[in-house]
Amino acid sequence: MVCEQTPQRSPSPKFCNSFANRIFSDVAGDITIFVGCDSFLLHKFPLVSQSGKIRKMVADLKGTNLSKLELQNFPGGPETFELAAKFCYGMNFEITTENVAHLRCAAEYLEMTEDYQEENLIARAETYLNEIVTRSLEKSVEVLSSCENLLPCAEEVGIPERCIDAIARNACKEQLVSGLSCLDCDGGSLDIKDRCLEWWVEDLSVLRIDFYKRVVVAMGQTGVRSDSIIASLMHYAQVSLKGIGKPQIWHPARTNPRAVENGQRSIVETLASLLPTEKSSSVPLSFLFGMLRVGIMVDATLACRLELERRIACRLEMVLLDDLLIPSVQPGDSLFDIDTIHRILVQFLQRIEEEENEDCGYESEGIASSSHDSLLKVGRIVDAYLAEIAPDPYLSLQKFISMIEILPDYARVIDDGLYRAIDIYLKAHPMLTEHDAKKLCKFIDCQKLSQEACNHAAQNDRLPVQMVVRVLYFEQLRLKNALSTSSGDGFLSTRISSGVTSAAMSPRDTYASLRRENRELKLEISRMRVRLTELEKEQVCMKQGMMDKSTQGKTFLNSISRGIGRIGIFGSPAGGGRQHKCGRKSKASERTTGRRELTR
């Protein structure tokens, strides 16, 4: 910034009093140098003897009466020029990590090379950088951070590049040292590794995002562990994205909301691009969901959000219900971001399908198939998610149905969780038409409802009449099968015979048919286990009732036959069954899913 008139810059030039004891104290200053809005009354000789730029500028002034020089865009400003002038006058001052980058850039600007004097300012600054800064990770970070206001001059002299290389190299050394120290410990190796990570992970959070990106890339190329990089990314996000989403109206004069949003968007997109790509790396799901939430708030690029969603979909079976409850930022929309969760489920199902297609042998589709186990876990999580979003009065029927039908039929062993979610939705949307209620209830498979769910549905006046009739019909079939000693074997054999393949089918179709048959077998076995648990529970309740009420004339089959129309088990603890609250963080297993409290 150049001021209009010289007298207004500084009525009394700075060096009139600050250099009173120098050898030129008895000689009046013969040149005034302006840096920004500050002026310095100095002597030509000590300056031209070490600065090539000032020597050239003074030479250009010969033949004129002017003795004023103006240094435009001086790196570091007046404070740095004052240090450079002290160096020219031979005055002692300390070179530190805070001023070495400024001095190096100022020396480059003033052309203080060895051509004018040995051990000039460029050489002195370079010595400090090479012997002090680059050997320490902490000092390298401090100098790199100080370069933010010295661009592009700092890049021209290579200070950021050297600091970045030094940080990566020293971090790799620290990693090796911490690894060796862990070998000498029996049980405390993890604590030692965490302590070794903390001290430099926190230091990197002071860097600007562009410098930080270059540091992380250099670390990956040098061989720093991915878990260390992940820890650094998490800490940087926690520090730089703190308080995001809060309205800026409380401090309108302090920050520019649009500038803050753009800066946060750049940080989110950069951090997402820096996540390790190795399959062995384990980025915490909570961090991925946090980044996704922030990315939605600041309107990050679609590619950034899709990448985060893809990483989440790869481990969707491990998520918690709270992670899926992403608030919606669209005005007039539902309270939760349903579309994002839907896309994650689509990518998850694509991953499951690819894993199944990659299987080459039939044994890979056995009872303990990992892909099918993951699908069952996701099915339970989705049912809990549906129950959580169902009370939203702004949730449209189309979005709710799209979340239900995204999962295949074999993703649910029993439909109790789905029935509970639909019942909550019907209760929260009393204006729903009969046609829409029928459309919603058709997704419930009455054969996959537990005894308790059937009892609840039989007296649920929110359900369409056709749904209640279906429940009663299949409950009667269930009781009829219970009366037959071979009903279980006959039902299972029917399932098996229905899956017999034709000899005319191609090998690919045969394999697909066998895979579907295995799924049906696994689901049937799971259902049989649930039914066995229900029968055992019913038998215990019956025996207890016989002892308490002396009802020896009642038989086991009579106790089962009165199951239809009985709903007291859901609300009364006297039935012997302990109530299970289905809260937001419920992690009920496959067996206890059928015994959850169903809202009425």
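Right above here is the structure, for reference.
Residues numbered from 1 in each chain as written. Predicted model: local features only at pLDDT ≥ 70, side-chain atom pairs only at ≥ 80, totals over all residues. Heavy atoms only, no water.

Here we look at the overall build of the protein chain
At step 1: Secondary structure assignment for the protein chain yields 29 helices and three strands.
At step 2: Every one of the 600 residues in the protein chain was classed for burial, and the buried ones make up 45%.
At step 3: Across the protein chain, every contact between residues at least 6 apart in sequence was considered, and the portion connecting residues at least 24 apart equals 73%.
At step 4: Element-wise, carbon and sulfur atoms account for 53% of the exposed surface of the protein chain, whose accessible area totals about 31,700 Å². (Helix = DSSP H or I, 4+ residues; strand = E, 2+ residues; numbered from the N terminus. Buried < 20%, exposed > 50% of the residue type's maximum accessible area, 1.4 Å probe, protein only. Contact = heavy atoms within 4.5 Å. Areas by Shrake-Rupley, 256 points an atom, 1.4 Å probe, with all protein chains shown as cover.)

Here's the deal with the packing of aromatic side chains
At step 1: Considering all chains together, one arrives at five aromatic pairs under this definition.
At step 2: Taken together, a centroid distance of 5.1 Å and an interplanar angle of 75° make the contact between Phe74 and Tyr109 edge-to-face. In this pair, Phe74 is assigned in the loop between strand S3 (68-71) and helix H5 (77-88) and Tyr109 in helix H6 (residues 100-110), connecting sequence segments 35 residues apart.
At step 3: Overall, Tyr109 belongs to the partly exposed group, its relative accessible area being 21%.
At step 4: Within the aromatic cluster, the residues linked to one another by ring pairs are Phe40, Phe74, Phe81 and Tyr109. (Phe/Tyr/Trp six-rings, centres within 6.5 Å; stacked < 30°, edge-to-face > 60°.)

Describing the pairing of strand S1 (residues 31-35)
At step 1: In terms of burial, S1 is largely enclosed, as five of its five residues are buried.
At step 2: Along S1, one buried face is formed by Ile31, Ile33 and Val35 and the opposite face, lined by Thr32 and Phe34, is buried too.
At step 3: Sheet analysis places S1 next to strand S2 (residues 38-42), joined by five bridges and oriented antiparallel. Note on S2: the bridge partner recorded for Thr32 is Leu41.
At step 4: The hairpin turn running from S1 into S2, its antiparallel successor, is two residues long, and Gly36 in that turn takes a positive phi close to 65°.
At step 5: Note: S1 against S3, four bridges, orientation parallel. If you follow Val35 over to S3, its bridge partner there is Leu71. (Pairing = 2+ DSSP bridges.)

Considerations on the environment of Glu309
At step 1: Along the polypeptide, Glu309 turns up in helix H16 (residues 302-313).
At step 2: Glu309 sits in the buried class, given a relative accessible area of 1%.
At step 3: In this structure the C-alpha to C-alpha distance between Glu309 and Ile341, which are 32 residues apart in sequence, comes to 8.5 Å.
At step 4: At 2.8 Å, the side chain of Glu309 and the side chain of Arg343 are in polar contact. (Polar contact = N/O pair within 3.5 Å; in protein donor to acceptor, adjacent residues only side chain to side chain.)

Thoughts on a negative patch on the surface
At step 1: A cluster of like negative charges, contributed by Glu94, Glu98, Glu138, Glu142 and Glu174, occupies part of the molecular surface.
At step 2: Mapped onto the elements, Glu94 comes out in the loop between H5 and H6. (Patch = residues over 30% accessible without salt bridge, like charges linked within 9 Å, V, L, I, M, F, W, Y side chains within 5 Å. Salt bridge = Lys/Arg side-chain N within 4 Å of Asp/Glu carboxyl O. Lys, Arg positive; Asp, Glu negative; His and termini not counted. Charge placed at Lys NZ, Arg CZ, Asp CG, Glu CD.)

Description of the pattern of salt bridges
At step 1: What the rule picks out here adds up to 18 salt bridges.
At step 2: Across the pair Arg311 and Glu307 runs a salt bridge, and its minimum N-O distance is 3.1 Å. Linking Arg311 with Glu307, this pair stays in helix H16, spanning four residues, or about one helical turn.
At step 3: Take Glu307: its relative accessible area is 24%, and that puts it in the partly exposed class.
At step 4: Arg351 serves as the salt-bridge partner of Glu355, at 3.2 Å between the closest nitrogen and oxygen. Placement of the pair is Glu355 and Arg351 together in helix H18 (residues 338-358), with a separation of four residues, close to one helical turn.
At step 5: Judged by relative accessible area, which is 29%, Glu355 ranks as partly exposed.
At step 6: With relative accessibility at 15%, the residue Arg351 sits in the buried group.
At step 7: Residues joined by salt bridges that share partners form a network here, namely Arg104, Glu108, Glu126 and Arg162.

Quick look at the environment of Val217
At step 1: With respect to the element layout, Val217 can be found in helix H12 (residues 209-222).
At step 2: Look at Val217 and you get partly exposed, because its relative accessible area is 37%.
At step 3: Put simply, Val217 and Leu274 are 57 residues apart on the chain and 7.6 Å apart in space, counted from C-alpha to C-alpha.

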